[in-house]
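# Topology and contacts: notes
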Amino acid sequence: MILLLLALGCPAFTLSGAATVIDACAADPEWCITCDDAADCAFTGNPCTETVYCAHADAQIPVIQIGCDPAVEYTWPDPESCACVAGACAATP
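This section reports on the structure supplied with the text. Per-chain numbering applies: the sequence of each chain, read as written, is numbered from 1 onward. The model is predicted, so local features are restricted to residues of pLDDT at least 70 and side-chain atom pairs to those at 80 or more, both for listing and for counting; the totals for chains, interfaces and linings are taken over all residues. Computation of side-chain values: all heavy atoms of the structure, hydrogens and water removed.

Turning next to the pairing of strand E3 (residues 51-56). Think of it in three bands: residues with accessible area under 20% of the maximum for their type are buried, residues over 50% are exposed, and the middle band is partly exposed, with areas taken using a 1.4 Å probe on protein chains only. Under the DSSP-based scheme used, a helix requires at least four consecutive residues in state H or I and a strand at least two consecutive residues in state E, with every element numbered from the N terminus. The buried count for E3 comes to five of six residues, which makes it a mostly enclosed element. Strand pairing requires that DSSP identify at least two bridges connecting the strands. Examined bridge by bridge, strand E1 (residues 20-23) and E3 share four bridges and lie parallel to one another. Bridged to Asp 23 within E3 is Cys 54. Across five bridges, the pairing between strand E2 (residues 41-45) and E3 is antiparallel. Paired with Cys 41 across the bridge in E3 is His 56.

So this is what it looks like as structure tokens:
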């Protein structure tokens, strides 16, 4: 049945789902660099792991360098949802 669906050209899908967002300041004070505006903040991580950090672009967050099949990558939130909130990069709803 699955082969039939693939043969019919069904769209690709992600098996892993959405990544868990962690605010870098909450995870480790050393990763908490003061931001001035949203341009200072970005998500960082590896789409093959279940977590992504919202952090200052200059934060030195170690990222596991592994690869995986694109079908099992986790999806990341919209980049604009990692913003500067009261001087710290934080995920916003």
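If you look at the biggest cluster of nonpolar residues, it comprises eight residues: Ala 19, Cys 35, Cys 41, Phe 43, Val 52, Cys 54, Cys 82 and Cys 89. Note on terminology: a nonpolar core comprises buried Ala, Val, Leu, Ile, Met, Phe, Trp, Tyr and Cys residues joined through side-chain atoms within 4.5 Å. Core analysis: the second largest hydrophobic core is formed by six residues, Ala 24, Trp 31, Ala 59 and Ile 61 among them.

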